[in-house]
Amino acid sequence: MDHESNLTLDDARAILGLGRGGTLEQIQSSFRERILRHHPDKGGSAREAIRIYWARQALVNDWNARQAGQGSQDPLVSFVLDLVMRLIRFIDEQSWSGFWKVLTTILVGVGGALAVHALHDRSGSSGQ
């Protein structure tokens, strides 16, 4: 299934099979179920596993922001999510061997996860 390069909250909900207003526990449960099914070590696709990860990340960020009364997620986090999804799409369109596609997709996903984590640390520690 092809997705737009921008991962909207509706996209993230569709990837995880959730409706609006899900709890954090429902997000995590759906993530665990899907990541186990689509993980590359279990014969799944690295691209799909990373999309599942980013869907969970987007929904957890939104849930945390709603709990804090802030509304939507940090614009820099949105930018990183958008960039990672664009890079994954670009990698998927290349004629590289499967090994290089998987390796590059994993590196992009891990780099994106580290960037999001750093942004959360930055925003969490700015008021201290």
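Here the structure is a predicted model, which means the values were calculated and not measured. (Residues numbered from 1 in each chain as written. Predicted model: local features only at pLDDT ≥ 70, side-chain atom pairs only at ≥ 80, totals over all residues. Heavy atoms only, no water.)

**A closer look at a nonpolar patch on the surface**
- Together, Phe90, Trp96, Phe99, Trp100, Leu103 and Leu107 give the surface a local cluster of nonpolar side chains, amounting to about 640 Å² of exposed area.
- Within the secondary structure layout, leucine 103 lies in helix H5 (residues 98-125). (Patch = residues over 30% accessible without salt bridge, like charges linked within 9 Å, V, L, I, M, F, W, Y side chains within 5 Å. Areas by Shrake-Rupley, 256 points an atom, 1.4 Å probe, with all protein chains shown as cover. Salt bridge = Lys/Arg side-chain N within 4 Å of Asp/Glu carboxyl O. Helix = DSSP H or I, 4+ residues; strand = E, 2+ residues; numbered from the N terminus.)

**So, the nonpolar core**
- With 26 residues, the main nonpolar core has Leu7, Leu16, Ile27, Ile52, Trp54, Val84 and Ile88 as its most contacted residues.
- Elements with a contribution of two residues or more to this core: helix H1 (9-16), helix H2 (24-38), helix H3 (46-68), helix H4 (75-93) and H5.
- Per element, the largest residue contribution to this core is 9 residues, and it comes from H3.
- Discounting residues that sit within four places of it in the chain, tryptophan 54 has contacts with Leu7, Leu81, Val84, Met85, Ile88, Gly109, Gly112, Ala113 and Val116. (Core = buried A, V, L, I, M, F, W, Y, C linked by side-chain atoms within 4.5 Å. Buried < 20%, exposed > 50% of the residue type's maximum accessible area, 1.4 Å probe, protein only. Contact = heavy atoms within 4.5 Å.)

**A short note on the pattern of salt bridges**
- In total, this model carries 6 salt bridges according to the counting rule given.
- Here arginine 13 and aspartate 10 are joined by a salt bridge, their closest N and O atoms 2.9 Å apart. Taken together, the positions of arginine 13 and aspartate 10, both in helix H1 and 3 residues apart, correspond to about one turn of that helix.
- Owing to a relative accessible area of 43%, aspartate 10 belongs among the partly exposed residues under this scheme.

**Some words on the packing of aromatic side chains**
- If you walk through the whole model with that rule in mind, you get 2 aromatic pairs.
- Ring plane angle 80° and centroid distance 5.2 Å describe the contact between tyrosine 53 and tryptophan 54, whose orientation is recorded as edge-to-face.
- When its relative accessible area of 0% is taken as the criterion, tryptophan 54 is described as buried.
- On the basis of an interplanar angle of 80° and a centroid distance of 4.9 Å, the ring pair of phenylalanine 99 and tryptophan 100 is categorised as edge-to-face.
- We note arginine 56 situated over the ring of phenylalanine 31; from NZ or CZ to the ring centre the distance is 4.3 Å. (Phe/Tyr/Trp six-rings, centres within 6.5 Å; stacked < 30°, edge-to-face > 60°. Lys NZ or Arg CZ within 6 Å of the ring centre and 35° of its normal.)

All quantities given are derived from atomic positions and should not be read as evidence of function.
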